[in-house]
Amino acid sequence: MSSTPMRDIPRVGFVSLGCPKALVDSEHILTRLRAEGYHVAPDYHSADLVVVNTCGFIDAAVEESLDAIGEALAENGRVIVTGCLGAKGDTVLAHHPQVLAVTGPHAAAEVMEHIHDHLPPPADPYTSLIPPQGLKLTPRHYAYLKISEGCNHRCTFCIIPGLRGDLVSRPAGEVLGEAEHLVAAGVRELNVISQDTSAYGLDLKYRTSFWNGRPVKTRITELARALGGLGAWVRLLYVYPYPHVDELIPLMAEGHILPYLDMPLQHASPRILRLMKRPAHAENALARIRAWRETCPGLTLRSTFIAGFPGETEEDFRQLLEFLEAAELDRVGCFTYSPVEGAAANALPDPVPEEVKAERRDRLMELQAGISARRLARRLGQRIEVLVDAVTEDGAVARSAADAPEIDGVVLVEDGHGLEPGARVEVTVTDTGEYDLWARLDPGAA
């Protein structure tokens, strides 16, 4: 059998920036690279060329992406750019005209064509080196499961539809087949992602798909129910509070999927929501939240908000703070408005000064820290299940159903030194903070 000397195998370096949806795009490209026999280089100097998967959602992300491209060019010299910033090819080329090629997001086939042009694949690819779940950039025990691309909304602060296009859903059977492979390979938590998870299947008119001979509607409720039967934690991210989201709450209460909803509400002032062209309103959101918690008392709610949107007055901001006090959301992130190039909101009158944006963000997060601390304090003494992410000299770093990876808090298991990443264990909460919990496997040994 023929073989290729190890150093003659072409090596591709990879830099992945941005959100979990971009991470999944990176995983698809990396899997195709390995399928064709390429090696993934651990650093710039051992790579024959470098792919940089960029983010372009806000100005800070654009700067980070341009810096990463510049670093890759300085350290390696041969760079292919893809991702959301790549959709603005002129911007990339204006800063870095020496890049080999530029593509937009979810363009794995186009990226591979450019790699072939500049670094042909080896003659005998090692297809056996690919694990059944493909190559992942997350730890082995959790994964992101992307169910659709694009978005049909035209929120005035957002340029995602211009970068990633309108909603394109994957058939339910295809999604479930991928999820099944992931779970079989050891994944213990599936984080369902898209630009608009609750709109899943709308573009396909909720067409019936087939999985293992069973009909499954391409719709979020039916998909969630089927995913819940695989034995892994199932967490829903990026969910807009449409009416049919109510159907998901009983699935959470019955333990089919995690009692966790990530809803990017963005604001609570009706006037600002109209300026944002958001699909939901604060009054309805409060009533829905109360009804959801009646059905599923253990429900964790996460949301993100924008401070300093153009035209936001102190009265608008006060309404947002009052909403947070009434809603008592468990997890909250807040960002100051960033005038992303191409966003319709940039043309709105009365921009908010940067210092006022920052002051409002800080006030919001100070208020939310107290709310979060009060809600976590209710967990003291409770027995909860956690998923272990890592083990350190201080114990195990784990997460509960209330904690999405990398964006929420953690559960620090002080006597968890003997645990392994990916283990799901029962612990007792012994202390609480603003965002994190402390726990023990055996509280009597404290």
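As a reminder, the structure under discussion sits directly above these lines.
Overview of the structure. This one's a predicted model, so the numbers in the text were calculated from it and none came from an experiment.

As for the packing of aromatic side chains
Phase 1 of the analysis: Counted according to the given criterion, the structure contains four aromatic pairs.
Phase 2 of the analysis: Between Tyr142 and Tyr144 the ring centres are 6.2 Å apart and the planes differ by 85 degrees, which places this aromatic pair in the edge-to-face class. Here Tyr142 matches Tyr144 in class, with each residue buried.
Phase 3 of the analysis: Stacked on the ring of Tyr142, the Lys or Arg Arg399 has its end atom at 5.3 Å from the ring centre.

Describing a negative patch on the surface
Phase 1 of the analysis: On the surface, a cluster of negative charge is contributed by Glu63, Glu64, Asp67, Glu71 and Glu75.
Phase 2 of the analysis: Locating Glu71 in the fold gives a position in helix α2 (residues 59-75).
Phase 3 of the analysis: Overall, Glu71 belongs to the partly exposed group, its relative accessible area being 43%.

Comments concerning the layout of surface pockets
Gaps left between atoms are located by rolling a probe of water-molecule size over the structure's atoms.
Phase 1 of the analysis: Each pocket or cavity is described by its volume, and for the largest pocket that value is around 1400 Å³.
Phase 2 of the analysis: In terms of lining, the largest pocket is formed by 46 residues, of which the most central are Cys19, Lys21, Phe57, Tyr238 and Phe335.
Phase 3 of the analysis: Looking at the lining of the largest pocket, the elements that each hand over two or more residues are α1 (20-35), α2, α5 (160-164), β14 (300-307) and β15 (331-336).
Phase 4 of the analysis: Along the lines of polarity and charge, the residues of the lining of the largest pocket split into 28 nonpolar, 10 polar and eight charged.
Phase 5 of the analysis: The volume enclosed by the second largest pocket comes to roughly 350 Å³.
Phase 6 of the analysis: Around the second largest pocket sit 22 residues that line it, and Trp233, Leu258, Pro259, Glu385 and Ala401 are the ones nearest its centre.
Phase 7 of the analysis: Elements supplying a minimum of two residues to the lining of the second largest pocket: β12 (233-236), α8 (248-253) and β16 (383-392).
Phase 8 of the analysis: Classifying every residue of the lining of the second largest pocket gives 11 nonpolar, seven polar and four charged.

Some details on the pattern of salt bridges
Phase 1 of the analysis: Evaluation of the coordinates by the stated rule reveals 28 salt bridges.
Phase 2 of the analysis: For Asp408, the salt bridge goes to Arg302, with nearest N and O atoms at 2.7 Å. Taken together, the positions of Asp408 in the loop between β17 (395-400) and β18 (411-413) and Arg302 in strand β14 put the pair 106 residues apart, joining distant regions of the chain. Each member of the pair Asp408 and Arg302 is classed as buried.
Phase 3 of the analysis: Shared partners join several salt bridges into a network, and the residues in it are Arg293, Glu328, Asp330, Arg375 and Arg378.

Considering the nonpolar core
Phase 1 of the analysis: Core analysis: the largest hydrophobic core is formed by 58 residues, its most contacted members being Leu227 and Phe323.
Phase 2 of the analysis: Counting residues per element, this core draws most heavily on helix α11 (residues 314-327), which supplies six residues.
Phase 3 of the analysis: What Leu227 contacts, discounting residues up to four positions off in sequence, is Leu145, Leu176, Ala179, Leu190, Val192 and Val234.
Phase 4 of the analysis: Among the nonpolar cores identified, the runner-up in size contains 18 residues, and Ala41, Val50, Ile69 and Ala72 belong to it.

Let's talk about the sheet that holds β18
Phase 1 of the analysis: If you walk around this closed barrel you meet the five strands as β16-β17-β18-β20-β19, and the pairing is mixed. Between one strand and the next, the sheet's axes are offset by a mean angle of 50 degrees, whatever the strand orientation.
Phase 2 of the analysis: In this structure, β16 lies alongside β17, joined through six bridges in antiparallel fashion. Bridge pairing links Thr392 to Gly395 in β17.

Description of the pairing of strand β6 (residues 142-146)
Phase 1 of the analysis: The element β6 is extensively covered by neighbouring structure, given that five of its five residues are classed as buried.
Phase 2 of the analysis: Alternating residues of β6 divide into Tyr142, Tyr144 and Lys146 and Ala143 and Leu145, and every residue in both groups is buried.
Phase 3 of the analysis: In the sheet, β6 pairs with strand β9 (residues 189-193) via five bridges, with the strands oriented parallel. Within β9, the residue paired with Tyr142 across the bridge is Glu189.

Conventions adopted
- Residue indices follow the written sequence of each chain, beginning from 1 at its first position.
- Side-chain atom pairs in this predicted model are given and counted only at pLDDT of 80 or more, local residue features only at pLDDT of at least 70, and totals for whole chains, interfaces and linings cover all residues.
- To get the side-chain values, take all heavy atoms of the structure and skip hydrogens and water.
- Stacked, edge-to-face and tilted are the three classes for Phe, Tyr and Trp ring pairs, Trp counted by its six-membered ring, which pair at centre distances within 6.5 Å; planes under 30 degrees apart are stacked, over 60 edge-to-face, the rest tilted.
- Exposure categories follow from relative accessible area, calculated using a 1.4 Å probe and restricted to protein chains: below 20% of the type maximum is buried, above 50% is exposed, and the middle band is partly exposed.
- Counted as over-ring charges are cases with an Arg CZ or a Lys NZ within 6 Å of the ring centre that also lie within 35 degrees of the ring normal.
- Here the term patch refers to residues with relative accessible area over 30% and no salt bridge, with like charges joined within 9 Å and nonpolar side chains (Val, Leu, Ile, Met, Phe, Trp, Tyr) within 5 Å.
- Each accessible area is a Shrake-Rupley result for a 1.4 Å probe, and residues are judged covered by the shown protein chains and nothing else.
- By definition here, a salt bridge exists when the distance from a side-chain nitrogen of Lys or Arg to a carboxyl oxygen of Asp or Glu is within 4 Å.
- Positive charges come from Lys and Arg, negative ones from Asp and Glu, while His and the chain ends are left out of the count.
- By convention, the charge on Lys lies at NZ, on Arg at CZ, on Asp at CG and on Glu at CD.
- In this description a helix means any DSSP run of H or I spanning at least four residues, a strand means any run of E spanning at least two, and both kinds are numbered starting from the N terminus.
- Note on definitions: the grid is 1 Å and covers protein atoms alone; a cavity is a set of points where a 1.4 Å probe fits but cannot get out; a pocket is an open set with protein on both sides within 12 Å along at least five of seven lines; lining residues have an atom within 4 Å of a point.
- Grid points are joined across faces, edges and corners, and a volume is the space filled by probe spheres set on the points.
- When residue character is reported, Ala, Val, Leu, Ile, Met, Phe, Trp, Tyr, Cys and Pro are called nonpolar, Asp, Glu, Lys and Arg charged, and the others, Gly included, polar.
- Nonpolar cores are built from buried Ala, Val, Leu, Ile, Met, Phe, Trp, Tyr and Cys residues. Side-chain atoms within 4.5 Å join them into one set.
- Should any heavy atoms of two residues lie within 4.5 Å, those residues are counted as being in contact.
- Two strands form a pair only when DSSP identifies at least two bridges running between them.
- Simply put, an axis is a line fit to the C-alpha atoms, just over the touching stretch for a helix, and the angle between two N-to-C directions goes from 0 to 180 degrees.

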